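If you want the building blocks of each chain, they are given just below.
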Amino acid sequence: MNDRAASQHSVAAAPQASRREENIGLLLVFLSALFWSFGGAIARFIETGDSWTVVFWRSFWAAAFLFGFMMWRDGWRGMLKMFGDMGLPGFAVALCFATASTSFVVALAYTTVANILLMQAGVPLIAALIAWVLFRERVAGATWAAIAAVICGVAIMVSESFNGQVSPIGDGLALLIAFAFSIATVITRRFAHVRMTPATCLGTVFAALFAFTQAEYLAVVPRDMGFLFAFGALNLGLGLACFATGARLIPAAFAALLGTFETILGPVWVWLIHAEVPSARTVLGGAVVFVALLVHIGLEFKRQTRPQKPGTTGMPSPH
C-alpha cells in the first residue's frame, strides 16, 4: 500500500484499486468494533473471583497475539524497529492503554457493561477538551456544545453513585478509562510517528506485569482459561490488529463512525446473553453522550470529505 503512489497505473485502474482498499479498510474496522463489542459478554462468563488474575491472563494472551501478529506482518527486525521508533510518546500511550484495559476488567466487578462503554463514547470529545487545555488547540463552537452534552450525559450516569444505587468505584473506573484513552488520543495526534500496534502491545505487557504483582493466584480452571484466551487474544488482540490494519486505509471520520458499533452492540450482547439490563439513568445519560458523539462525527464529515492524513486515526477504545 505504501508503494501505491510510486506505481504506474492507468487512470481507470487507480480509482478501482483505491475503492478496493477502502472497502477492505471499512470491513476490517467494522470487524474490530464487532470483536471489541463482545468483551463484556465474554468477561461475564469468567468465574475466577480475582480481577487481577483476569487482568494478567487477558493481557498475557493479548500480548502473545500482538507479538505474533507483528512478527508475521513486519518480521523480527521490523517489529524491533517499530518499538524503537515509539520513543517517550509511545511509552506514554502504552501506560494509558495499560491503565484503561486494567480498569475495564476491574470496573466490571462494580458496574454494568453499558455504563462503562457509554462513558467511553465521549472519548473523542474529551480528547478535544484536553487538547484545548494543554495545547490551546482550536475547538469549534459546535464541538464545545457537544463537549457540554457529554459532560451532562456523564453526570446523569454517575449520579446514581451519589445516592448509593451503584458503586462509585465502578463509575470512577469508567471515567478513568475514558480519560486514559483521551490522553492517548491527544498523544497520537501530536506525535504522528507513534504506531498503535507496538504501543498497545507494550501496554498489555505493562498490565500483565502489574497484575502479576497484585494477583492472589494465577491458576485457573481450563474452562476459564478458554474464556480468558478469547478475552485477550480474540477480543482485544484480534480486534486491535483489524483496526490497526484497516484504519490506515480509510478516512478518520469513517473509522470513528464504525467504532461506534462497539458502544451499540456491547450492551446488547450482555443483555441478550446474560440478561444484564442497564438502569434508566445509564440509558438516558448514555443516549446524550452517544448523540453528541454522532453530531461531532457528522461535523467532521462536513468539514472534510477526506482527511489530510488518512493514516492518522487517533487511539481506539478496545477493552
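Not measured: the values here are computed from a predicted model.

K.L.:
So what exactly am I meant to see when it comes to the overall build of the protein here?
P.N.:
Secondary structure assignment for the protein yields 11 helices and zero strands. Here the protein holds 319 residues, and 49% of them are scored as buried. Put simply, of all contacts in the protein between residues at least 6 apart along the chain, 90% involve residues at least 24 apart. As displayed, the protein offers around 15,000 Å² of accessible surface, 68% of which is attributable to carbon and sulfur atoms.

K.L.:
Can you help me understand helix α8 (residues 196-214) in this one?
P.N.:
Every α-helix carries 3.6 residues per turn, so stepping three or four residues along brings you back to the same face. End to end, α8 covers 27 Å across 19 residues, agreeing with the expected 27 Å (1.5 Å per residue, within 8%). Among the residues making up α8, those that are buried are Met196, Thr197, Pro198, Ala199, Thr200, Cys201, Leu202, Gly203, Thr204, Ala207, Ala208 and Ala211.

K.L.:
What is the right way to look at the nonpolar core in this model?
P.N.:
Burial of nonpolar side chains together is a common tendency in soluble globular proteins. Residues Phe104, Ile116, Val150 and Phe231 are the most contacted members of the largest nonpolar core, which totals 59 residues. Residue contributions to this core peak at 12 residues, all from helix α3 (residues 51-107). When residues no more than four places from it in sequence are discounted, the contact partners of Val150 are Gly122, Leu125, Ile126, Val289 and Ala292. Core analysis: the next-biggest nonpolar cluster, separate from the first, contains 26 residues, Phe69, Ala94, Ala184 and Ala247 among them.

K.L.:
I tried to follow the packing of aromatic side chains on my own but got confused; where do I start?
P.N.:
The geometry of two aromatic rings is summed up by the distance between their centres and the angle between their planes. Taken as a whole and judged by the stated rule, the model has 17 aromatic pairs. Geometrically, the ring pair formed by Phe97 and Phe181 is edge-to-face, given 6.3 Å between the ring centres and 70 degrees between the ring planes. With Phe97 in helix α3 and Phe181 in helix α7 (residues 168-190), this residue pair connects regions lying 84 residues apart in the sequence. For the pair Phe97 and Phe181, a shared accessibility class is recorded, and that class is buried. For the ring pair Trp132 and Trp144, a centre distance of 4.9 Å and an interplane angle of 85 degrees mean the geometry is edge-to-face. With a gap of 12 residues between them, Trp132 in helix α5 (residues 123-135) and Trp144 in helix α6 (residues 141-162) connect regions that are remote in the sequence. Each member of the aromatic cluster is reached from another via a ring pair, and the members are Phe56, Trp57, Phe60, Trp61, Phe212 and Phe229. The positively charged end of Arg58 is found above the aromatic ring belonging to Phe231, 4.0 Å away from the centroid. When the ring centre of Phe135 is taken as reference, the NZ or CZ atom of Arg190 above it lies at 4.0 Å.

K.L.:
How should I be thinking about the packing of α3 against α8 in this particular structure?
P.N.:
When two helices pack together, you describe them by how their axes are tilted relative to each other and by the distance separating the axes. Put simply, α3 and α8 touch, their axes get as near as 7 Å, and they point 140 degrees apart. Classified by the angle between their axes, α3 and α8 sit oblique to one another. In terms of residue class, the contact of α3 with α8 is built from 30 nonpolar, nine polar and one charged.

K.L.:
Just checking my understanding: could you explain the side chain of Thr282 for this structure?
P.N.:
Tracing the chain through its elements places Thr282 in helix α11 (residues 280-303). Polar side-chain contacts of Thr282 include one of 3.1 Å to the side chain of Asn115. If we ignore the near neighbours within four places in the chain, the residues touching Thr282 are Ala114, Asn115, Leu118, Met157 and Glu160.

K.L.:
How should the confidence of the model for the protein be read in this particular structure?
P.N.:
Any segment with low pLDDT has predicted coordinates that should not be analysed in fine detail. A residue-level look at the protein finds 87% of positions with pLDDT of 70 or above and a mean pLDDT of 84. For the stretch residues 1-17, pLDDT sits under 50, and the model shows five contacts to residues farther than four places along the chain or on other chains. Segment residues 309-315 is flagged for pLDDT under 50; beyond a separation of four residues in sequence, or across chains, it makes 19 contacts in the model.

K.L.:
How should the pattern of salt bridges be read in this particular structure?
P.N.:
Oppositely charged side chains are able to pair whenever their charged atoms sit close together. Across all of its chains, the model carries six salt bridges by this definition. Taken together, the salt bridges that share partners define one network made up of Glu47, Arg223 and Asp224.

K.L.:
I'm lost on a nonpolar patch on the surface in this one. Help?
P.N.:
Together, Trp132, Val133, Leu134, Phe135 and Trp144 make up a nonpolar patch on the protein surface, roughly 460 Å² of accessible area in all. In terms of residues, the nonpolar patch owes the most to one element, α5, which gives four residues. When its relative accessible area of 57% is taken as the criterion, Leu134 is described as exposed.

Thresholds applied
Residues numbered from 1 in each chain as written. Predicted model: local features only at pLDDT ≥ 70, side-chain atom pairs only at ≥ 80, totals over all residues. Heavy atoms only, no water. Helix = DSSP H or I, 4+ residues; strand = E, 2+ residues; numbered from the N terminus. Buried < 20%, exposed > 50% of the residue type's maximum accessible area, 1.4 Å probe, protein only. Contact = heavy atoms within 4.5 Å. Areas by Shrake-Rupley, 256 points an atom, 1.4 Å probe, with all protein chains shown as cover. Expected span 1.5 Å × (residues − 1). Core = buried A, V, L, I, M, F, W, Y, C linked by side-chain atoms within 4.5 Å. Phe/Tyr/Trp six-rings, centres within 6.5 Å; stacked < 30°, edge-to-face > 60°. Lys NZ or Arg CZ within 6 Å of the ring centre and 35° of its normal. Axes fitted to C-alpha atoms, helices over the stretch in contact; angles between N-to-C directions. Parallel < 35°, antiparallel > 145°, perpendicular 65-115°, else oblique. Nonpolar A, V, L, I, M, F, W, Y, C, P; charged D, E, K, R; others polar. Polar contact = N/O pair within 3.5 Å; in protein donor to acceptor, adjacent residues only side chain to side chain. pLDDT = per-residue confidence, 0-100. Salt bridge = Lys/Arg side-chain N within 4 Å of Asp/Glu carboxyl O. Patch = residues over 30% accessible without salt bridge, like charges linked within 9 Å, V, L, I, M, F, W, Y side chains within 5 Å.

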